[in-house]
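Chain by chain, the residues run as shown.
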Amino acid sequence: RPVASPEHVLHVECLHDVRSAFTLEMPELRAWRKQGLEIEARMLRRGASKDVSGKTRHPLHQVWPRFLTMEINGHQVITIKAGPRG
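Here's a quick rundown of the structure. Keep in mind it's a predicted model, so treat the numbers as computed, not measured.

Glancing now at the overall build of the protein. Counting its secondary structure elements, the protein contains 1 helix and 4 strands. Starting at the N terminus and walking to the C terminus, you meet the elements of the protein as α-β-β-β-β. In terms of C-alpha radius of gyration, the protein reaches 16 Å, well past the compact-globule figure of 12 Å for 86 residues. Here the C-alpha coordinates of the protein stretch approximately 50 × 35 × 25 Å along the principal axes. Here the protein holds 86 residues, and the buried ones make up 7% of them.

Attention now goes to a nonpolar patch on the surface. Together, V3, V9 and V12 give the surface a local cluster of nonpolar side chains, amounting to about 260 Å² of exposed area. Here V12 lies in the segment before α1 (29–34). Note on V12: relative accessible area 69%, which makes it exposed.

Quick look at the pairing of strand β3 (residues 68–72) now. With 5 bridges connecting them, β3 and strand β4 (residues 75–80) associate as antiparallel partners. Considered in β4, the bridge of M70 is made with I78. The hairpin turn running from β3 into β4, its antiparallel successor, is 2 residues long, and N73 in that turn takes a positive phi close to 50 degrees.

Within the secondary structure, S5 is located in the segment before α1. Within the structure, the side chain of S5 is placed 2.9 Å from the side chain of E7, a separation counted as a polar contact.

Cut-offs applied
Here the residue index of a chain counts from 1 through its sequence in written order. This being a predicted model, a pLDDT of at least 70 is required before a residue's local features are given, and a value of 80 or more before pairs of side-chain atoms are given or counted; all residues contribute to the totals for chains, interfaces and linings. Only heavy atoms go into the side-chain values, all of them from the structure, while hydrogens and water stay out. The way it works is that DSSP assigns letters per residue, a run of H or I at least four long becomes a helix, a run of E at least two long becomes a strand, and they are numbered from the N terminus. Only C-alpha atoms enter the radius of gyration; for comparison, a globular chain is expected to reach 2.2 Å times N to the power 0.38, where N is the number of residues. Exposure classes here rest on a 1.4 Å probe applied to the protein chains alone. A residue is buried below 20% of its type maximum, exposed above 50%, and partly exposed in between. Only residues whose relative accessible area exceeds 30% and that form no salt bridge are eligible for patches; like-charged ones are grouped when within 9 Å, while nonpolar side chains (Val, Leu, Ile, Met, Phe, Trp, Tyr) are grouped when within 5 Å. Per-residue and other accessible areas follow the Shrake-Rupley method at a 1.4 Å probe size, with only the shown protein chains counted as cover for residues. When a carboxyl oxygen of Asp or Glu is within 4 Å of a side-chain nitrogen of Lys or Arg, the pair counts as a salt bridge. Should DSSP find at least two bridges between two strands, the strands are taken to pair. N or O atoms within 3.5 Å of each other form a polar contact, as long as, within protein, one can give a hydrogen and the other can take it, and as long as residues adjacent in sequence are counted only when both atoms are side-chain atoms.

What follows is the structure in structure tokens.
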């Protein structure tokens, strides 16, 4: 689902390391939910703009992290743990 406008994006970060941490306080979250608004977390990986056959591809692809813990306003709301290998 597309983002309606740039001001609707709460946080963007370009990672240069395998670990990252940031803090994002959202005191308006309860009011947003009452208005019917939703919060989405998206992770994108930047890849090559051409595939192995030389065909042009979009350089951004959605990915899931191997591990993620997300807290909102001090409460843990999401934990994603790495699955078994193979």
